[in-house]
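Structural characterization, general
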Amino acid sequence: MAVLRNEQREHLKILREKSPEAVVDLCKLAIDYLNNGPNEKKYSAVAKKLNTSQDLVQPTIEALVCLLIDATKSSVSEADFENLKTSGFSLDQISILWQFVSSKRIFVENILRATSPREFRFRDLEWRLDGKIASRSLLYQANPIIIIKLHLDTEQVSEHRSVLGAKRDESKKKYETAKQFLLQTDPNNLVHIIDVLERALLESKTHRMRDMLKALHV
Amino acid sequence: MTLSLSNEVVEGLKGLGVEIGIELSKKLIANAVKLALYSDANIPSNPEIYATNPAFAKQSEYAVVTVLFLATKYGYDSQKLRNLLEQHGLVAAVLEEIVKVYDTNKKDLLINNLKIGHSLPHITDAEWRLTCDVKSSASDKGSGDLTYRISLGRYREKTGERESTVEFVCNPEELQSFIGRLKEIERHCEKISAPK
């Protein structure tokens, strides 16, 4: 990321020629683009204010968004970012651009993460304890059965949000991200499963795990 | 509810030790127990049982399997089974042999009958894998987030093969929450089973 791509450099040319205030205006437009998409009316107004063509504003905004995504993907540091000097940006302009990039980094990181392959996550479970007392093949029996309904979702939601209630308020598309599974077990196997999962959880807290995370530089 | 045997079953039982010799009848009874408990693939063939009177041997085999299955279904003990068989005038040695194999295999027969019928997928085991987000096409630097990949399933009894019923991912906090919910069920089970 230390060096801008030629196309990007060309589209960001307007920034180098304008005052820091103009750079702030263009960065605000780029943030608006992230939140609400392109807005030609706003481009036209800013073009007038900056005394430039609207055709130049839109590619500049898109190049700014590109810069933000590239910087986020490669986790550029402030020191790396100062290399923009070699592309003809002033220190003031670089400082404004760094503020723009660093303020929206988490937002972009979340979006990038959300575009990666989705897997079903554990959200909640409902359960019922049944006693099986007879069946066609065994008339006299008394066996406890635990019925479990697992709620899974590809969306990761805040723990403060009501899991089941939230679904009713969401759009149909979001609703389709959820999936339920009905299964059963018995008390003995339930104890075994809890035991296996507790040992799994302990593994994430070991020194070895911490060392591994360090070694992987994450 | 009382257990009643059909004419076909009674005829099959009465012919043991008469139409088919005692020793072969004992082999047939032992084979019938295997038929009741295991799949055909796991039972070695016994051509001698069907060598002399195949049609009757098949009927007797069916009769023994039926008696064992019904006695289990109705929760009979060996004395009750003996009383039932005595009503139909079986050869004494055959009667003793059927009661003996019933007594020996009662637990397995019970478990077998328990598993017959429909039910939700029964999970008996959890597999897990712990992974860490290192890098991806969307980010040069991973978040370092730990993710558990959990598979709940069971082992098939006959083949020992593992069958996964449901798979999902969760972070350590979500796993803690999942365990917490399972422990809640465990506590309720303990409460119910505790003597009052």
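Before going into details, it helps to say that this report is about the structure given with it. Treat the numbers as computed from the prediction; the structure is a model and nothing was measured. (Residues numbered from 1 in each chain as written. Chains lettered and ligands numbered in written order. Predicted model: local features only at pLDDT ≥ 70, side-chain atom pairs only at ≥ 80, totals over all residues.)

If you tally the helices and strands in chain B, you get 6 helices and 3 strands. Helices (α) and strands (β) of chain B occur, in sequence order from the N terminus, as α-α-α-α-α-β-β-β-α. What you see for chain B is a C-alpha radius of gyration of 26 Å, clearly larger than the 16 Å of a compact globule of 196 residues, by over 25%. Every one of the 196 residues in chain B was classed for burial, and the buried ones make up 26%. (Helix = DSSP H or I, 4+ residues; strand = E, 2+ residues; numbered from the N terminus. Rg over C-alpha atoms; globule rule 2.2 N^0.38 Å. Buried ≥ 20, exposed ≤ 12 C-beta atoms within 10 Å, placed from the backbone.)

Counting secondary structure elements, chain A contains 12 helices and 3 strands. Going through the 218 residues of chain A one by one, you find that 22% of them count as buried. Taking the intrachain contacts of chain A between residues at least 6 apart in sequence as the baseline, contacts between residues at least 24 apart amount to 66%. (Contact = placed C-beta atoms within 7 Å.)

Working note: a packed helix pair is described by the angle between its axes plus the distance between those axes. Residue and element names in this part refer to chain B. Following both chains from N to C, one finds helix α1 (residues 7-14) and helix α3 (residues 54-73) inclined at 110°, their axes separated by 8 Å at the closest point. Comparing their axes, α3 and α1 come out roughly perpendicular. Between α1 and α3 the crossing geometry is left-handed. Along the contact surface, α1 presents E8, V9, E11, G12 and L13, while α3 presents Q59, S60, Y62, A63, T66 and V67. Residues that form the contact of α1 with α3 fall into these classes: 5 nonpolar, 4 polar and 2 charged. (Axes fitted to C-alpha atoms, helices over the stretch in contact; angles between N-to-C directions. Parallel < 35°, antiparallel > 145°, perpendicular 65-115°, else oblique. Left-handed = near helix turned anticlockwise from the far one by under 90°. Nonpolar A, V, L, I, M, F, W, Y, C, P; charged D, E, K, R; others polar.)

Here we come to the packing of helix α2 (residues 22-37) of chain B against helix α5 (residues 92-115) of chain B. Residues and elements named next belong to chain B. Taken N-terminus to C-terminus, the directions of α2 and α5 make an angle of 10°; their axes are 10 Å apart at the nearest point. The orientation of α2 relative to α5 falls into the category roughly parallel. You can see that α2 and α5 cross each other, and the crossing is right-handed. Along its contact with α2, which presents I22, S25, K26, I29, A30, V33, A36 and L37, the element α5 presents A93, V94, E97, I98, V101, N105, D108, L109 and N112. The residue inventory of the contact of α2 with α5, partitioned by class, reads 11 nonpolar, 3 polar and 3 charged.

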